[in-house]
There are 2 protein chains.
Amino acid sequence: MNIQSRSQKSPRTDEEVIRSCGLFRGLDDTQRAVLTSMAVRKRFKQGTPIFVQEEACPGLFVVDHGLVRVFRLAPNGQQHVLHLCGPGQTFAEVAAIGGFALPACADAAQPAGCVMIPTDRLQQELALNHQLCRQLLTGMAFWVRHFVQLLEDIALRDAMGRVTRLLYDSPCDASGRIQLPGAKKDLANHLNLTSETFSRVLRRLAEQGVIEFDQDRSVHVIDAQQLEQLSGQSQNTDQ
Amino acid sequence: MNIQSRSQKSPRTDEEVIRSCGLFRGLDDTQRAVLTSMAVRKRFKQGTPIFVQEEACPGLFVVDHGLVRVFRLAPNGQQHVLHLCGPGQTFAEVAAIGGFALPACADAAQPAGCVMIPTDRLQQELALNHQLCRQLLTGMAFWVRHFVQLLEDIALRDAMGRVTRLLYDSPCDASGRIQLPGAKKDLANHLNLTSETFSRVLRRLAEQGVIEFDQDRSVHVIDAQQLEQLSGQSQNTDQ
DNA sequence: CCGACACCTTGACCTAGATCAAGCCAAAGC
DNA sequence: GCTTTGGCTTGATCTAGGTCAAGGTGTCGG
């Protein structure tokens, strides 16, 4: 529900991709040039694994286009989607910066192109570059806050609360149309729900006239006010 | 289950407290001296609030002695315990470093003494001190990893899995005795369980001969092997 | 010593959401 | 074109864990 007019032109230069990236916002041109000079292009077909957890971290990835699914694999095979990364977002930053093994797996949920900054070069640069260090430190702090939020959602909200919050936080165009990022099953999993429950909750919202489905798999928000209200509260307090 | 012989002498100097702190491990003496020079002592009686979420962050806290409960308050009054901080642990680091409002509340679960490094002075220092910056960056990365772990636990494990993992990760003395940190209700809440469920799971473990209760509210691990096995797997796969 | 109170335990229920199963539809492969 | 495959919906059922209620126990203040 954050109005956003984005026209994604796919083939961008490495420098453009890095500039579009929130984690690097605040760096000046020279700083960005340094990063750009280290950058390596990576391209992944839909469904291909990008890396698996416990491996050494190859580098910090910035998504140019497509969609990357970052998920944690439990010993029994269950998985939990930690993050769906679209253009401008980063993944594997934590391991690249902290210098430890990858805590999660990633694959391409849609055909994806990324810019990668190799771990060792990043580390070299961090050892010298104070401004970059500070920038990433702030970025990391935001990242922790994000996870605290996610934890709260999963711990304190019911299914309806989680879904409405997802919708409320999703970018939409001026007419209130939301393009869901990725498959519903992945979104559901990210919210720690089954796709069945996710589906049922959406139906319930449609029945209550809060949303409508468009033909092209997107969601149209009718009653933004009620959506906000539902997403603001945790647990079911209505009626 | 990590054997640990710690004899906690309560009245420590600020410098000692800061040295004992994991987040600052890796700093040399001069660096630590800088931090020490900024430090402010804080003392809290049991039950008193230390700060509430949404407020500006007063500083980065390091626990000297006692126990601090960091929790997130939902609009409807429910709360979720994010962290129980004992000696040597930090809290409010994220907001102090990132420079934003506090994402959670804190109060003293037991009478507690802390060393606080005020936000503004920390920020000043971060602007200049590259080594400190790098150190905290690594610390932050570990912190994110910790939260990912926590998320996985809550999302992917059942009650038994979460409790056994808590026990397995808790420090014990040489004879396998674990002193539970804080009240059971807080521990249970941290695991996103009710105290009732927590209680039942412990009883079940006792019935299976994995643990025993000591008179002094501590837990004695009998069958460490089985505990490890139970804590290693997610979801119930036995029998 | 006697409440008062907060924590913990235990039992009896109850519900949100998982699981199972069936069917639909669109894209992909042949 | 037909078949396969994978995602999505929907209904019927099951269950882990929450909720409610009733003690039990330890601690504190008087």
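Predicted model only: the values in this text are computed from it and were never measured.

Caption draft 1: A look at the overall build of chain A. If you tally the helices and strands in chain A, you get 9 helices and 11 strands. Its C-alpha atoms give chain A a radius of gyration of 19 Å, within 12% of the compact-globule value 18 Å for 239 residues. Taken over the C-alpha atoms alone, chain A extends approximately 60 × 40 × 35 Å along its principal axes. Every one of the 239 residues in chain A was classed for burial, and the buried ones make up 54%. Here the contacts in chain A between residues at least 6 apart in sequence split such that 72% fall between residues at least 24 apart. As displayed, chain A offers around 10800 Å² of accessible surface, 50% of which is attributable to carbon and sulfur atoms. Computed over 25 positive and 26 negative side-chain charges, the separation of the two mean positions in chain A equals 3 Å.

Caption draft 2: Representation of the relation of the copies chain A and chain B. For these two chains of identical sequence, chain A goes onto chain B by a turn of 180° and a shift of 0.1 Å along the axis, with RMSD 0.1 Å. Both chain copies can therefore be described as sitting about a two-fold axis. A high fraction, 100%, of the interface residues of chain A reappear at the interface in chain B, so the copies pair face to face through one surface.

Caption draft 3: Seen up close, the packing of helix α6 (residues 159–169) of chain B against helix α8 (residues 195–207) of chain B. Residue and element names in this part refer to chain B. Look at α6 against α8: their axes get within 10 Å of each other, and the N-to-C directions meet at 75°. By the criterion of interaxial angle, the relationship of α6 to α8 is roughly perpendicular. On the side of α6, the interface is formed by Ala159, Met160, Val163, Thr164, Leu166 and Leu167, while α8 contributes Thr197, Phe198, Val201, Leu202, Arg204 and Leu205. Per-class residue counts for the contact of α6 with α8 are 9 nonpolar, 2 polar and 1 charged.

Caption draft 4: Geometry of the domain arrangement of chain A. Residue and element names in this part refer to chain A. Domain boundaries assigned for chain A yield domain 1 (7–154) and domain 2 (157–232). On a C-alpha basis, the centres of domain 1 and domain 2 stand 26 Å from each other. Between domain 1 and domain 2, the residue contacts involve 14 residues of the former and 11 residues of the latter. For the pair domain 1 and domain 2, the two sides together bury roughly 1100 Å², of which 50% comes from carbon and sulfur. The largest per-residue losses of area from domain 1 upon contact with domain 2 belong to Leu84, Asp153 and Ile154, which jointly make up 44% of the total buried on that side. Counting the contacts that link domain 1 with domain 2 gives 3 salt bridges. The partner of Asp153 in a salt bridge is Arg157, and the shortest N-O contact between them spans 3.2 Å. Scanning the region where domain 1 abuts domain 2 turns up 9 residue pairs in polar contact (both at pLDDT 80 or more).

Rules used in this analysis
- Residues numbered from 1 in each chain as written.
- Chains lettered and ligands numbered in written order.
- Predicted model: local features only at pLDDT ≥ 70, side-chain atom pairs only at ≥ 80, totals over all residues.
- Heavy atoms only, no water.
- Helix = DSSP H or I, 4+ residues; strand = E, 2+ residues; numbered from the N terminus.
- Rg over C-alpha atoms; globule rule 2.2 N^0.38 Å.
- Buried < 20%, exposed > 50% of the residue type's maximum accessible area, 1.4 Å probe, protein only.
- Contact = heavy atoms within 4.5 Å.
- Areas by Shrake-Rupley, 256 points an atom, 1.4 Å probe, with all protein chains shown as cover.
- Lys, Arg positive; Asp, Glu negative; His and termini not counted.
- Charge placed at Lys NZ, Arg CZ, Asp CG, Glu CD.
- Least-squares fit on C-alpha atoms with pLDDT ≥ 70 in both.
- Axes fitted to C-alpha atoms, helices over the stretch in contact; angles between N-to-C directions.
- Parallel < 35°, antiparallel > 145°, perpendicular 65-115°, else oblique.
- Nonpolar A, V, L, I, M, F, W, Y, C, P; charged D, E, K, R; others polar.
- Domains from an automatic or database assignment.
- Buried area = accessible area lost by both parts, 1.4 Å probe.
- Salt bridge = Lys/Arg side-chain N within 4 Å of Asp/Glu carboxyl O.
- Polar contact = N/O pair within 3.5 Å; in protein donor to acceptor, adjacent residues only side chain to side chain.

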